[in-house]
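Chain and residue survey
Listed below, chain by chain, are the residues.
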Amino acid sequence: MNKTSKLLLGVSAAAGLTSAGILTLGGRTDIAGFCCIGALACLATGGMGTQAIKQHVFTIWIILAVAIGMFFPQYFLSAGDFKLTKLIVPLIQWIMFSMGTEMSLKDFESVFKSPKAVLIGLLCHFTIMPLAGFSLAVGFGLESEIAAGIVLMGCVPSGVTSNVLAFIAKANLPLSVTIAASSTLIAPLATPLLMKILAGQFVEINFVSMVIHIAEIIILPIALGLFINRVIRNQAQWIRSVMPLSSMTGVFLVVLLIVASGRDALSRLG
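Description of the structure in this document. What you see is a predicted model, and the numbers here were worked out from it, not measured in a lab.

1. Re the environment of G225
Here G225 shows up in helix α12 (residues 207-232). Separated by 121 residues in sequence, G225 and S104 place their C-alpha atoms 9.2 Å apart. Discounting chain neighbours no more than four positions away, the residues touching G225 are F97, G100 and T101.

2. What about the pattern of salt bridges?
Throughout the structure, instances matching the rule amount to two salt bridges. When the shortest N-O distance is used, the salt bridge between R28 and D30 registers 2.6 Å. A relative accessible area of 27% means that D30 is categorised as partly exposed. D264 is the salt-bridge partner of R263, the closest N and O atoms lying 3.8 Å from each other. You can call D264 exposed: its relative accessible area is 51%.

3. With respect to helix α8 (residues 128-139)
Because each turn of an α-helix spans 3.6 residues, side chains separated by three or four positions end up pointing in the same direction. When the terminal C-alpha atoms of α8 are compared, their 16 Å separation across twelve residues agrees well with the 16 Å that a helix rising 1.5 Å per residue should span. Along α8, the residues that are buried comprise P130, G133 and A137. Taken end-on, α8 shows its buried residues confined to a sector of 65 degrees, consistent with a single buried face. With respect to the buried face of α8, the exposed residues turned more than 90 degrees away are I128 and G139. Immediately beyond the C-terminal end of α8, within one or two residues, lies G141, with a positive phi of roughly 55 degrees.

4. Remarks on the packing of helix α1 (residues 3-24) against helix α2 (residues 29-47)
Relative orientation of the contacting elements α1 and α2 amounts to 155 degrees, with a least axis distance of 7 Å. Taken together, the axis directions place α1 and α2 in an arrangement best described as roughly antiparallel. The chirality of how α1 crosses α2 is left-handed. Listed contacts from α2 to S5, L8, L9, V11, S12, A15, G16, T18, S19, I22 and L23 of α1 are T29, I31, A32, C35, C36, A39, C42, L43, T45, G46 and G47. Among the residues making up the contact of α1 with α2, the classes are represented as 13 nonpolar, nine polar and no charged.

What counts as what
- Residues numbered from 1 in each chain as written.
- Predicted model: local features only at pLDDT ≥ 70, side-chain atom pairs only at ≥ 80, totals over all residues.
- Heavy atoms only, no water.
- Helix = DSSP H or I, 4+ residues; strand = E, 2+ residues; numbered from the N terminus.
- Contact = heavy atoms within 4.5 Å.
- Salt bridge = Lys/Arg side-chain N within 4 Å of Asp/Glu carboxyl O.
- Buried < 20%, exposed > 50% of the residue type's maximum accessible area, 1.4 Å probe, protein only.
- Expected span 1.5 Å × (residues − 1).
- Arc of directions from axis to C-beta.
- Axes fitted to C-alpha atoms, helices over the stretch in contact; angles between N-to-C directions.
- Parallel < 35°, antiparallel > 145°, perpendicular 65-115°, else oblique.
- Left-handed = near helix turned anticlockwise from the far one by under 90°.
- Nonpolar A, V, L, I, M, F, W, Y, C, P; charged D, E, K, R; others polar.

Shown next as structure tokens:
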């Protein structure tokens, strides 16, 4: 660990303790917010120089996005008359496009090489996760909109997150990539169907509209990314290094905007 990392981690610890102290004593939340955000930013930056923290840096950045959205939501609601929540769908499409540029048809070869493992993974993905979300929603007696959101969290594909966790855990990464890619491709049908079955009692679900909407958000951007990867992957290698970073930035912004727009509801949930 170099001196800069040590300094940043020290500042992070001090700022974190200050934030906790202010909140415990009922002091100004804006100052506590600045301290909390500063602590997380220093932890993420300084953690890059520490092996034990480095693999968790992306998670820390996501927690930082949540902290910013919770403490200072007013700055991320609108820009003039333009509501910033309108950027969420384009950002998700960009993330899906970025994933597509990292994929090729070869990624799906293992579906045919080990179909049993892939099918078991997909079956578990679209049964255990949705049922867990449904159980939480019913068990805690959440409001209809919140309950539907929890169920939706269980019904959507895992995307790149599961691959990151598989990599950290030294699991079967090729299998994880294949299951994640396959679940993403069948999500436009699987997710609306599961939502209709499990969340139809909470909110009205329009199956056809949801299929079209998810296809626009997932299938089209990924297909375009696959096409770009196929056509120019040898001529523009820089894309492969830029896209992962831009994808993570997109996730950060999506989380920030969602938390900021739903801050009051999140505060009531406890």
